[in-house]
Structure formats: structure tokens, C-alpha cells
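What the coordinates show
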Amino acid sequence: MGNRVGREDYEWVYTDQPHADRRKEILAKYPEIKTLMGPDRRLKWIVCTMVVIQFLAFYLVKDLDWKWVLFWTYSFGSCINHSMTLAIHEISHNTAFGNSKATWNRYFAMFANLPIGLPYSASFKRYHLDHHRYLGGDGVDVDIPTEFEGWFFCTRFRKLIWIILQPLFYAVRPLCINPKPISQLEVTNLVFQVAFNILLYWMWGAKPVVYMLAGSMLGMGLHPISGHFIAEHYMFLKGYETYSYYGSLNLLTFNVGYHNEHHDFPSIPGRRLPMVKEIASEYYQDLPQYTSWVHVLYDFIMDDTLSPYSRVKRKLKGDIKQE
């Protein structure tokens, strides 16, 4: 468990990200893919149902023994809350109400944020679009671990701790890599969320609040669903910076596993990404892919050639337009 990994730096490349060129080529060959773009009319109803389910869970756990609160927190609440973060990911691409109603999407994301307990939907939107535009961009893409993460989490045991603490690093990393002035929407997100958390505590006590917050932290840490954090862009094979997962957990995660397809066509809702793969199958069938996020987590920890440094980075040139 003390073996040090072999990497001492990121994988620096001097080429553009592959997704823009592949998108142009696919659209030239299969223009019908454009019909898949646009909002997913079912998304808002699915999100509302999930929020109601968590509100019901808050009520049900308020009188349970603490051992059962913790059991249901990890076995159920963490799954729902992680799924809700990926619903917010969907909404960040305006797939709930469409591009013409961008403000509706922003406030609906805050509503979806409520059962998560941590106010992050407004900030996520700002940084996630940078991740798409400038994938691997030095000083811009905050999905890339910091130098400290790459240097320190260099043994199997430390990589395990790093995965457990993923929510912490995702929260702190933007402040280290690419801090931005606080926006009005972020303030609104914070006020709504704090007010909701206080109201929840006042109505039903500490147990629902613990269920909510611990569920979010555990669900994005050492959890089968959190394997997507590693699977999406960590370089398991040299020369590939984005990977897709085609396993059953896509049913809980709005098809975020179709990650090559998503970066090629970020305006297509997750529900329709399998159709992209079906239409343009020759572009995806030979790319590296996964069938188990649990296996991804295990391989990342146990493979001494992998670490937080196992990411493709590139120096950006020209004008950089951020959210």
C-alpha cells in the first residue's frame, strides 16, 4: 500500500482536444444527429420526482436510530444525491428548458440542488462549460487535479484517501486553479440552500440534515457511482483523454458514462446519447471503454503507474472566453 506511482507530471500535449474535429466529421456524415439536440422534456419531471423522494426520505429518517440513519444514508441517500448532481450536470447544458430559457434552467438547478445540501449548482455551471471548451486547459479546466494532489497522493493508500475526499477537492480546486468573482446567481444559490437546510433542521431535527449532507459526501467519495470521476478523463491508456462507460449505472446517472459522446455533442441530452453511439458507431466502437466503475476505482488505486497526475494537459493559446 506504500508503493509510489511512477508519474511525476501531467501528460502534456500540444494538440487541440479531439472532440471538436470529431463532432464536425460526424455531423458532416450524419446530419440527422442534429435532430437529437434540444431539451429533454422528461428531465424536469424526473428531477421533481427525485426531489420529492428525498423529501420523503428526510421525513422517514427523522425518527430512526442513528445506525439506521447511517445505513440508509450510504445505501440509498448517497445514490440519489449523486444522481441529483448529475441531473444538475444535465441542466447546466440547458437540457431542461432549452437555450431560450437559460434563466429557467439556472433556477431549476437550484431547486434540484436542495436535497444535496451543499450550494454548488451555480458555480458548477460556470466551471463546467470551461471544462468543455478548454478540456485539459492549464489554469482553466478545474477538473484537472492540482500539483499538490498529483505530488502527494502518490501511493495506493494515499490514492484511496484521495478518492474518499473527492468532494473536498472538487470544492477547493477552483479556488486554487481558476478563482472567479462571486456571481449574483451563486449568492442566490447559497441563500436558498442555507434557508432550506435551516428549515429542514427546524422541522425534523438533525437526522435528516445528516442524512442529506453525509449522503452527498459519501456518494461522491468511495462509492460505485463516483467511479465516473476517474473513468471520464484519467489516462489509463496513453493517447486517450476521454473514455466512455457503457454499464448499467448509466440508468442512475443520466448516461454520463457516454462521455466521449457527451463531449462530442454537449447539447444532446443524456437520454439521447446512446442514439449518437448507434448512429455513428464506427467513431466509438474502437475507442477505449469501460463496463464497470468499481473496476475503474480498483485499477486506479492498485496500478502504480496511475495517479492524479494521469491527466492530459495543454497550454491554451489565443483568446480565452470563460463563463
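What counts and what doesn't
Residues numbered from 1 in each chain as written. Predicted model: local features only at pLDDT ≥ 70, side-chain atom pairs only at ≥ 80, totals over all residues. Heavy atoms only, no water. UniProt positions renumbered as here; feature names shortened; annotations may be inferred. Core = buried A, V, L, I, M, F, W, Y, C linked by side-chain atoms within 4.5 Å. Buried < 20%, exposed > 50% of the residue type's maximum accessible area, 1.4 Å probe, protein only. Helix = DSSP H or I, 4+ residues; strand = E, 2+ residues; numbered from the N terminus. Contact = heavy atoms within 4.5 Å. Arc of directions from axis to C-beta. Phe/Tyr/Trp six-rings, centres within 6.5 Å; stacked < 30°, edge-to-face > 60°. Lys NZ or Arg CZ within 6 Å of the ring centre and 35° of its normal. Polar contact = N/O pair within 3.5 Å; in protein donor to acceptor, adjacent residues only side chain to side chain. Axes fitted to C-alpha atoms, helices over the stretch in contact; angles between N-to-C directions. Parallel < 35°, antiparallel > 145°, perpendicular 65-115°, else oblique. Left-handed = near helix turned anticlockwise from the far one by under 90°. Nonpolar A, V, L, I, M, F, W, Y, C, P; charged D, E, K, R; others polar.

As annotated in an unreviewed UniProt entry, the protein chain carries the name Sphingolipid delta(4)-desaturase DES1 and is attributed to Oryzias melastigma. UniProt's Subcellular location (unreviewed entry) comment on the protein chain is quoted here verbatim: "Endoplasmic reticulum membrane". In UniProt, the protein chain has this text filed under Function (unreviewed entry): "Has sphingolipid-delta-4-desaturase activity. Converts D-erythro-sphinganine to D-erythro-sphingosine (E-sphing-4-enine). Catalyzes the equilibrium isomerization of retinols."

Ranked by size, the top nonpolar core spans 39 residues in total, and within it Val 47, Met 84, Ile 91, Trp 162, Ile 230 and Phe 300 carry the most contacts. Top element by residues in this core is helix α3 (residues 66-92). It accounts for seven residues. Beyond its immediate stretch of four places on either side in the chain, Met 84 contacts Val 47, Met 50, Val 51, Ala 112, Pro 115 and Ile 116. Counting residues in hydrophobic clusters, the runner-up holds 14 residues, among them Ile 26, Ile 33, Tyr 258 and Ala 280.

This next bit is on helix α7 (residues 156-164). An α-helical turn contains 3.6 residues, so any two residues separated by three or four positions project in the same direction. Of all the positions in α7, only Arg 156, Lys 159, Trp 162 and Ile 163 are classed as buried. For α7, the buried positions fall inside an angular range of 115 degrees around the axis, keeping them on one side. Looking at the buried residues of α7, the elements they touch are α6 (147-152), α8 (166-177), α11 (227-233) and α15 (293-302).

Another aspect to go through is the packing of aromatic side chains. Evaluation of the coordinates by the stated rule reveals 27 aromatic pairs. Where Tyr 120 meets Phe 124, the ring centres are 5.7 Å apart and the plane angle is 65 degrees; that geometry is what we call edge-to-face. Consider the rings of Tyr 234 and Phe 300, whose centres lie 5.7 Å apart with planes at 75 degrees: the pair is edge-to-face. Taken together, the residues Tyr 234 in the loop between α11 and β2 (244-245) and Phe 300 in helix α15 connect sequence positions 66 residues apart. Per residue, the accessibility class of Tyr 234 equals that of Phe 300, and both read buried. Taken together, the ring pairs in this structure connect Phe 148, Trp 151, Phe 152, Phe 153 and Phe 169 into an aromatic cluster. Sitting over the face of the ring of Phe 152, Arg 158 holds its NZ or CZ atom 4.3 Å from the ring centroid. Between Lys 159 and the ring centre of Phe 300, over which it is positioned, the NZ or CZ distance is 5.3 Å.

Turning to the environment of Ile 33, a few remarks are in order. Position of Ile 33 relative to the elements: it lies in the loop between α1 (19-29) and α2 (43-61). By relative accessible area, Ile 33 is classed as buried at 0%. With residues near it in sequence (within four places) discarded, Ile 33 still touches Ile 26, Leu 27, Phe 265, Ile 268, Val 276, Ile 279 and Ala 280.

Next up on the list: the side chain of Arg 22. Looking at the secondary structure, you find Arg 22 in helix α1. A distance of 3.4 Å separates the side chain of Arg 22 from the side chain of His 19, its partner in a polar contact. In this structure the side chain of Arg 22 is engaged in a polar contact, spanning 2.7 Å, whose partner is the side chain of Asp 264. Residues contacting Arg 22, with those up to four places away along its chain left out, are Asn 260, Asp 264, Tyr 283, Tyr 284 and Leu 287.

Moving on: the environment of Leu 43. Tracing the sequence through the fold places Leu 43 in helix α2. Under the relative-accessibility criterion, Leu 43 is labelled buried at 0%. For the pair formed by Leu 43 and Tyr 234, sequence separation is 191 residues and the distance between their alpha carbons is 29 Å. Aside from chain neighbours lying at most four places away, what touches Leu 43 is Glu 90, Ile 91, Thr 95, Ala 96 and Phe 254.

What follows covers the packing of α2 against helix α10 (residues 206-219). Running from N to C, α2 and α10 cross one another at 135 degrees; their axes reach a closest spacing of 8 Å. Here α10 runs oblique to α2, going by the angle between their axes. Pair α2 / α10 crosses with right-handed handedness. Contacts from Gln 54, Ala 57, Phe 58 and Val 61 in α2 reach Lys 207, Pro 208, Tyr 211 and Met 212 in α10. A per-class count over the contact of α2 with α10 returns six nonpolar, one polar and one charged.

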